[in-house]
Amino acid sequence: MIRPRRNRKSPAVRALVRETTLSASDFIYPLFVHDKNADEAIDSMPGCIRWSIEGLLKEAGEAQALGIPAVVIFPAISEDLKSSDAVQCYNDDGLIPRAIKALKATYPELCVITDVALDPYNSDGHDGLVAENEHGGLEIINDETVEVLCQQALCHARAGADMVSPSDMMDGRVEAIRTTLDSEGYQDVSILAYTAKYASAYYGPFRGALESTPKAGDKKTYQMDPANVHEAIRETLLDEEEGADIIMVKPAGPYLDVISQVRNATTLPLAAYQVSGEYLMIKAAAKDGWLDEQAVMMESLIGIKRAGADIIVTYFAKQAARCL
Ligand code: PBG
C-alpha cells in the first residue's frame with residue numbers, strides 16, 4: 001500500500017524530504033529612523049521602534065550578528081521639513097544620507113537598502129508629486145515625479161547605499177534611475193524594484209509609523225488593483241527590461257498566487273514584502289494568546305518562501321532568525 005505518512009514518520013525523515021527551508025540570509029529587515037536622540041516605540045506597530053541614528057546602529061548590528069544580510073531604512077520626517085515638492089528627499093545632509101553613512105561606516109559588510117518614494121517628505125502624503133487636473137481633482141504626475149526620484153536615488157548612492165528600492169509605482173522609474181546612476185558613476189548600485197505593489201489596506205500601520213497617510217485621495221491610480229495578476233506579470237517584464245536587479249511583490253501573504261506566477265515569469269531574484277498589516281495581525285492575535293505567535297510567524301514566512309520568494313522583507317526578521 002502506498003503510504004505518504006512514511007515520509008512524515010520522524011523529525012529526521014521530515015528533514016530529509018523538506019522542500020522549502022528558511023534561513024536568516026533570506027531576510028531584509030525594515031528599520032524606521034527619525035531625527036531625534038531618543039528611540040520611540042511605534043504605537044501602530046507593537047515591537048517596532050523609530051530609532052535614533054545611534055539606536056539604528058545598535059539594532060542593525062544585532063540583525064547582522066543573527067545572520068541577516070540586509071536592512072532597508074525608512075525615515076520619519078518632521079512635519080516642518082515636508083513640502084509639496086518633497087525637496088528634502090535629496091538633501092545630502094538629510095536624515096537618510098546620514099543614516100546610510102553611519103551604517104556603512106560601522107558595518108561595511110551589511111547591505112544597506114533605501115526606499116525611493118516621496119511620501120515621507122511630501123506634505124500631501126503621496127508617493128509622487130500632486131497636481132490639480134482640469135476637473136479640479138488630484139493627479140499624481142508621473143514624469144515630473146520620476147525626475148525627483150532620480151535625484152533621491154542619486155543622493156542615496158552618493159551616501160553609500162548598496163541598493164535603492166523604488167516603492168512609488170511611477171511608470172518608467174526603474175529605467176530612469178538606472179540611467180541616472182550609471183551616468184554618475186554608480187553602475188554598481190543595485191535596484192530592488194517594487195514591481196507589483198498593490199493598493200493595499202495592509203499598509204495602514206506603516207503609514208501610522210511615518211505619519212505619511214495621504215492628506216487627500218488614495219493611491220489607486222499608481223498602486224495596483226488587488227484583483228489583478230496579469231498586470232503583475234506585465235510590470236515584471238517591464239522592470240526586467242528597464243534594468244531591475246531584484247523584483248518584489250507586496251504585500252506577501254494575501255498575494256501568494258502573485259508571487260508564484262511572477263516566479264515563473266522571470267529568472268531574476270524575487271523578493272516579497274510581508275507588510276506592516278500582516279505583521280500586526282499576527283502580533284494582535286498573539287497578544288491575548290489567541291494564536292501561537294512564534295509558530296504562526298514561522299508558518300507565514302515558510303508560506304511566502306514556498307510560493308516562490310527568494311527574499312522576504314519582514315519586521316519579524318530578528319525574531320525569526322533567533323528561531324532558526
Ligand atoms: C511608501 C511605502 C509604503 C510601504 C513601504 N513603502 C506605504 C505605502 O505605499 O503607502 C508599506 C510598508 C508596510 O506596510 O509595511 N512608499
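Keep in mind the model is a prediction, meaning the values are calculated, not measured.

Chemist: I'm lost on a negative patch on the surface in this one. Help?
Modeler: The grouping of Asp-143, Glu-144, Glu-147 and Asp-171 at the surface amounts to a negative patch. Topologically, Asp-171 is positioned in the loop between strand 8 (163–166) and helix 5 (173–183).

Chemist: Explain the pairing of strand 12 (residues 311–314) to me, please; I cannot follow it from the model alone.
Modeler: Alternating positions in strand 12 separate into two faces, Ile-311 and Val-313 on one and Ile-312 and Thr-314 on the other, with burial throughout. Pairing between strand 1 (residues 27–34) and strand 12: two bridges, direction parallel. Across the sheet, Ile-28 pairs through a bridge with Val-313, a residue of strand 12. Where strand 11 (residues 270–274) lies against strand 12, four bridges are found, and the strand directions are parallel. When the sheet's bridge partners are listed, Ala-272 is paired in strand 12 with Ile-312.

Chemist: In this structure, what is going on with helix 10 (residues 293–307)? I would like to understand it.
Modeler: Given 3.6 residues per turn, any residue in an α-helix points the same way as the ones three and four places further on. With 15 residues, helix 10 ought to run about 21 Å at 1.5 Å a step, and its terminal C-alpha atoms sit 21 Å apart, in line with that. Within the span of helix 10, buried status applies to Met-297, Met-298, Ser-300, Leu-301, Gly-303, Ile-304, Lys-305 and Ala-307. Check the buried side of helix 10 and you find it contacts strand 1, helix 8 (256–265), strand 11, helix 9 (276–287), strand 12 and helix 11 (317–323). Two or three places before Gln-294, at the opening of helix 10, Asp-292 has a side-chain oxygen 3.3 Å from that residue's backbone nitrogen.

Thresholds applied
Residues numbered from 1 in each chain as written. Predicted model: local features only at pLDDT ≥ 70, side-chain atom pairs only at ≥ 80, totals over all residues. Heavy atoms only, no water. Patch = residues over 30% accessible without salt bridge, like charges linked within 9 Å, V, L, I, M, F, W, Y side chains within 5 Å. Areas by Shrake-Rupley, 256 points an atom, 1.4 Å probe, with all protein chains shown as cover. Salt bridge = Lys/Arg side-chain N within 4 Å of Asp/Glu carboxyl O. Lys, Arg positive; Asp, Glu negative; His and termini not counted. Charge placed at Lys NZ, Arg CZ, Asp CG, Glu CD. Helix = DSSP H or I, 4+ residues; strand = E, 2+ residues; numbered from the N terminus. Buried < 20%, exposed > 50% of the residue type's maximum accessible area, 1.4 Å probe, protein only. Pairing = 2+ DSSP bridges. Expected span 1.5 Å × (residues − 1). Contact = heavy atoms within 4.5 Å. Polar contact = N/O pair within 3.5 Å; in protein donor to acceptor, adjacent residues only side chain to side chain.

Read these as geometric descriptors, not functional statements.
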